[in-house]
Amino acid sequence: MTPTRFGRTPLLIAGGAALGAVALGAAGLAFAVVGDAGVAGNAPSQISLASDDSGSAAADPAADSGERGGGGSGGSTIDLLAAAELAAAEVPDGIAHDIEFDDGVWEVDVVSVADERDHEFHVNPESGEVTLADEGRADAEDLAVADVEIDLAAAVGAAEEEIGGPLHELQFEAAERDDDDDDPEDAVHHWQAEGQNDREVAFDAANGDVLATDD
């Protein structure tokens, strides 16, 4: 996977939602990025959760993919969130934490907190077939995704709203306590996203504050 414009080395694959997470739509949540008008021009943008009475999401992530920015990367029929859900469903209590479209497939890293294992899956963007490509011990940075307030589904919705289109890549990055640079996102757990339009955004995984964009 390639480094982002924020100078970060992408994670092994971040954050996730299980296959059943598509039922999140049934809870009536819609995700958007909004500004905080309470502080004159100084407050960061933030993710908000708003009720949506328009109906529930499809139970099949592959069937729902066409409603998320026109499908997956490169014209695929399965988008990033659907690929993450399909891969996470392969592991008990799996959480997808790094997703990228590369070489014609979705590469999805899924962590299992219970046994502290990390799995790399490849998801066919047309058929939805999931293949295990690699497996190993998860590190503490990857396991931290289990404790964030903004989960992968919320991160996808917020990132697509901010970027203005479907995503090509989404990663969870754990806070770096000994980081010497001035990038605000490095000090906190955060999500980094890149759109198919090459726009990028990073936002706090605890409260949704937008930390950096490429604008």
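Residues numbered from 1 in each chain as written. Predicted model: local features only at pLDDT ≥ 70, side-chain atom pairs only at ≥ 80, totals over all residues. Heavy atoms only, no water.

### Quick word on the pattern of salt bridges
It is possible for side chains of opposite charge to pair when their charged atoms get near one another. For the record, the criterion: Every case where a carboxyl oxygen of Asp or Glu lies within 4 Å of a side-chain nitrogen of Lys or Arg is listed as a salt bridge. What counts as a helix is a DSSP run of H or I of at least four residues, what counts as a strand is a run of E of at least two, and both are numbered from the N terminus. Burial classes follow relative accessibility: with a 1.4 Å probe on protein chains only, a residue under 20% of its type's maximum area counts as buried, one over 50% as exposed, and anything between as partly exposed.
Inspection of every chain in the model, using the stated rule, returns two salt bridges. For the salt bridge of Arg137 with Glu116, the shortest nitrogen-to-oxygen distance reads 2.9 Å. Highlighted residues: Arg137 in strand 6 (residues 130-137) and Glu116 in the loop between strand 4 (105-112) and strand 5 (117-123), separated in sequence by 21 residues. Given the relative accessible area of 32%, Glu116 is considered partly exposed. Across the pair Glu135 and Arg117 runs a salt bridge whose closest N-O atoms are separated by 3.6 Å. Separated by 18 residues along the polypeptide, Glu135 in strand 6 and Arg117 in strand 5 bring together distant segments of the chain.

### Observations regarding the sheet that holds strand 6
Filter applied, for reference: In this analysis, strands are considered paired if DSSP registers two or more bridges between them. Axes, fitted as lines to C-alpha atoms, cover a helix only where it is in contact. Angles between the N-to-C directions of the axes lie from 0 to 180 degrees. Every residue pair with non-hydrogen atoms within 4.5 Å of one another is taken to be in contact.
A sheet is described by the order of its strands in space; here eight strands give the open sequence 6-5-4-3-7-8-9-10, paired in antiparallel fashion. Looking at the sheet topology across the chains shown, the edges are occupied by strand 6 and strand 10 (210-213). Strand-to-strand, the axes of this sheet are offset by a mean angle of 20°, without reference to chain direction. Here strand 3 (residues 94-102) runs beside strand 4; their pairing, made up of eight bridges, is antiparallel. Bridge pairing links Ile95 to Val111 in strand 4. The sheet contacts of helix 2 (residues 80-88) involve strand 3, strand 4, strand 5, strand 6 and strand 7 (167-173), and relative to strand 4 the element is tilted by about 45°. Contacting strand 3, strand 7, strand 8 (190-195), strand 9 (200-204) and strand 10, helix 4 (residues 152-163) runs over the sheet at an angle of about 130° to strand 7.

### Things to note about helix 4
In plain terms, the rule: Here the expected length of a helix is defined as 1.5 Å per residue gap, with one fewer gap than residues. Counted as a polar contact is a pair of N or O atoms within 3.5 Å, where, for protein atoms, one must be capable of donating a hydrogen and the other of accepting one, and residues adjacent in sequence contribute only when both atoms are in side chains.
The terminal C-alpha atoms of helix 4 lie 16 Å apart, and with twelve residues this matches the ideal 16 Å at 1.5 Å per residue to within 8%. Among all positions of helix 4, only Leu152, Ala153, Ala154, Ala155, Val156, Gly157, Ala158, Ala159, Glu160 and Ile163 are buried. Capping the start of helix 4 is the job of one residue whose side-chain oxygen sits 3.4 Å from the backbone nitrogen of Ala153: Asp151. One or two positions beyond helix 4, positive phi appears at Gly164, with a value near 90°.

### Things to note about helix 2
Of all nine residues making up helix 2, nine are buried, and the element is well covered by its neighbours. Within helix 2, burial applies to Leu80, Leu81, Ala82, Ala83, Ala84, Glu85, Leu86, Ala87 and Ala88.

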